[in-house]
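The primary structure of each chain is shown beneath.
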Amino acid sequence: MTVATHTTSLFSRNLRKQYPVAVRGEGCWIIDAEGRRYLDASGQAAVISIGHGVQEIGRAMAEQSGKIAFAHTTQFHSEPAEKLAARILAIAPRNFRSGGRVYFTSGGSEATETAIKLARQFFLESKQPSRYRILARRQSYHGSTLGAMSVSGNVARRAPYAPLMPEWGHVAPCFCYHCPFDKTFPECNLACADDLDTFLLGNDPSSVAAFLFEPIVGATLGAAPAVDGYTARIAEICQKHGILLIADEVMTGMGRTGKPFASEHWALEPDIILTGKGIASGYAPLGAVLVTPRIAEAFEKGSAAFMHGFTYQAHPVATAAGNAVFDYLETHELFERVAPAGETLRKALAPLESHPHVGQVRGVGLLQGVEFVKDKATHEPFPREAGIAEKVRRAALDKNVLFYPGQGCVDGVRGDHVLLAPPFIIKPEECGLIADTIQYALDKLFSA
Ligand SMILES: Cc1ncc(COP(=O)(O)O)c(C=O)c1O
């Protein structure tokens, strides 16, 4: 008889792996059942903004739950959902502020699903029924449900489900370090942005409803920001073809990059913004879709009813958590803290840039990525089988530091990076520990 050394009833992320049990969180740290303390250098998956273990969030959730935990959105609105929607619109790009609306979901994937259907129905309401396709970019991630996966360009995450998904069209990413056109910015004249126009011209633009993109590509490319001029050109192309522009800010929204929304780094005014993760800092499952007055009006003047819905949308307790997180961000001036904390992190990481196997340190605010390469001169990645990102993650555990590794940033298969997205309260000494840990991992992997 085989004696199981570990039992779980959970369908784990990896059924061959054993997972420690997280029992407590304190600031940037997670403590497991054995008392081991880990520095959460990636905010789990760019989720945690205010830090772990903030007691007032739980209290606000309990208070709301004690009043009323649930009321179905076909019959009621709730105070916390109303309040949070207004607060988010007030910090959104200008074009959302007078008459924009917010649709709350239980996470990022649901936000993407909602945006896909919103864009489609917007064109039905606007008497343009031929428009339904949502274009997106290669090397992107928009969520794990089938609609969200269809628009995602993350090769590995799509592969098993390819037969189940429609292909509406993917264009080039904006990623200078591995430019898909082998060009250099700015001489490239934004060939990657023009790829959208070329694609539209060759693929029945009258059937396209929207273009969806991450202004800073998180999980797939390891914090690769758009270059200056890119978002403006994309917006121009969308406008020219009469299609909606959707910014996926599930990872970058709610302050992560030093502005409430990353779109604001380029004064971009998308038609729809998706957000999630930091919106409730992990205290509750919450996501949101922000729409401009123009979209809301098209529904108001049309059928008025969005043919979509989730039982748990705009959940009173989840939105109460969102409000309590928002209060905490404001009271502790954490929105303002991200840019300087990001600089501190960047300075701590700077010495790594001269390492022969560190290709690039990139990112904005507290969303940073470190890419590892085989050849620094040519940017050649390691072979996939070398599993460098995963090895860095494992080595970091020797120092009790948690990283979010990623593979495939070059071509969907090769390319290794770790994504860093610590809570906004990260201290300088913790930034130092993150950098030292990457150095330690590199020494462990590459010093003979
Ligand atoms: C840019 C982006 N969009 C969408 C999602 C999906 O969000 P969720 O995992 O909350 O469903 C993610 C998750 O990592 C993301 O990074």
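So, how was this worked out
Residues numbered from 1 in each chain as written. Predicted model: local features only at pLDDT ≥ 70, side-chain atom pairs only at ≥ 80, totals over all residues. Heavy atoms only, no water. Helix = DSSP H or I, 4+ residues; strand = E, 2+ residues; numbered from the N terminus. Contact = heavy atoms within 4.5 Å. Buried < 20%, exposed > 50% of the residue type's maximum accessible area, 1.4 Å probe, protein only. Near = heavy atom within 4 Å. Polar contact = N/O pair within 3.5 Å; in protein donor to acceptor, adjacent residues only side chain to side chain. Areas by Shrake-Rupley, 256 points an atom, 1.4 Å probe, with all protein chains shown as cover. Nonpolar A, V, L, I, M, F, W, Y, C, P; charged D, E, K, R; others polar. Pairing = 2+ DSSP bridges. Expected span 1.5 Å × (residues − 1). Salt bridge = Lys/Arg side-chain N within 4 Å of Asp/Glu carboxyl O.

Participant: Give me the side chain of Asn-154: which residues, what numbers.
Facilitator: Position of Asn-154 relative to the elements: it lies in the loop between α5 (146-151) and α6 (155-158). In this view, Asn-154 contacts Ser-140, Tyr-141 and Thr-220; residues no more than four positions away in its chain are not counted.

Participant: With reference to specific residues and values, describe the environment of Pro-173.
Facilitator: Topologically, Pro-173 is positioned in the loop between β6 (170-171) and α7 (191-202). Note on Pro-173: relative accessible area 7%, which makes it buried. When the C-alpha atoms of Pro-173 and Thr-311 are compared, they prove to be 35 Å apart, with 138 residues separating the residues in sequence.

Participant: Describe the site of the ligand, with residues and values.
Facilitator: Lining the immediate surroundings of the ligand are Gly-107, Gly-108, Ser-109, Tyr-141, His-142, Gly-143, Glu-214, Asp-248, Val-250, Met-251 and Lys-277. Between an oxygen atom of the ligand and a side-chain N or O atom of Ser-109, the distance comes to 2.5 Å. Lys-277 is positioned with one of its side-chain polar atoms (N or O) 2.9 Å from an oxygen atom of the ligand. When the ligand is considered free in solution it has 390 Å² of accessible area, and contact with the protein chains removes 82% of it. Its residues assigned to classes, the shell around the ligand comprises 3 nonpolar, 5 polar and 3 charged.

Participant: Provide a residue-level description of the pairing of strand β13 (residues 358-364), including the pertinent values.
Facilitator: With 5 of 7 residues buried, β13 lies mostly within the body of the structure. Here β13 runs beside strand β14 (residues 367-372); their pairing, made up of 6 bridges, is antiparallel. Paired with Arg-362 across the bridge in β14 is Gly-369. Counted between consecutive antiparallel strands, the loop separating β13 from β14 contains 2 residues, among which Gly-365 sits at a positive phi close to 60°.

Participant: Lay out α7 in plain terms, naming residues and giving numbers.
Facilitator: Its 12 residues place the ends of α7 16 Å apart at the C-alpha level, agreeing with the 16 Å of an ideal helix rising 1.5 Å per residue. Burial in α7 covers these residues: Ala-191, Cys-192, Ala-193, Asp-195, Leu-196, Asp-197 and Leu-200. Asp-204 occupies a position one or two residues after α7 and carries a positive phi of about 40°.

Participant: Requested: an account of the pattern of salt bridges, with residues and values cited.
Facilitator: If you walk through the whole model with that rule in mind, you get 16 salt bridges. Measuring nitrogen to oxygen at the nearest pair gives 3.0 Å for the salt bridge that ties Arg-24 to Glu-26. Residue classification places Arg-24 among the partly exposed positions, given a relative accessible area of 47%. Given a relative accessible area of 33%, Glu-26 falls into the partly exposed group. By sharing partners, the salt bridges in this structure join Arg-24, Glu-26 and Arg-37 into a single network.

That is the geometry; function is a separate question.
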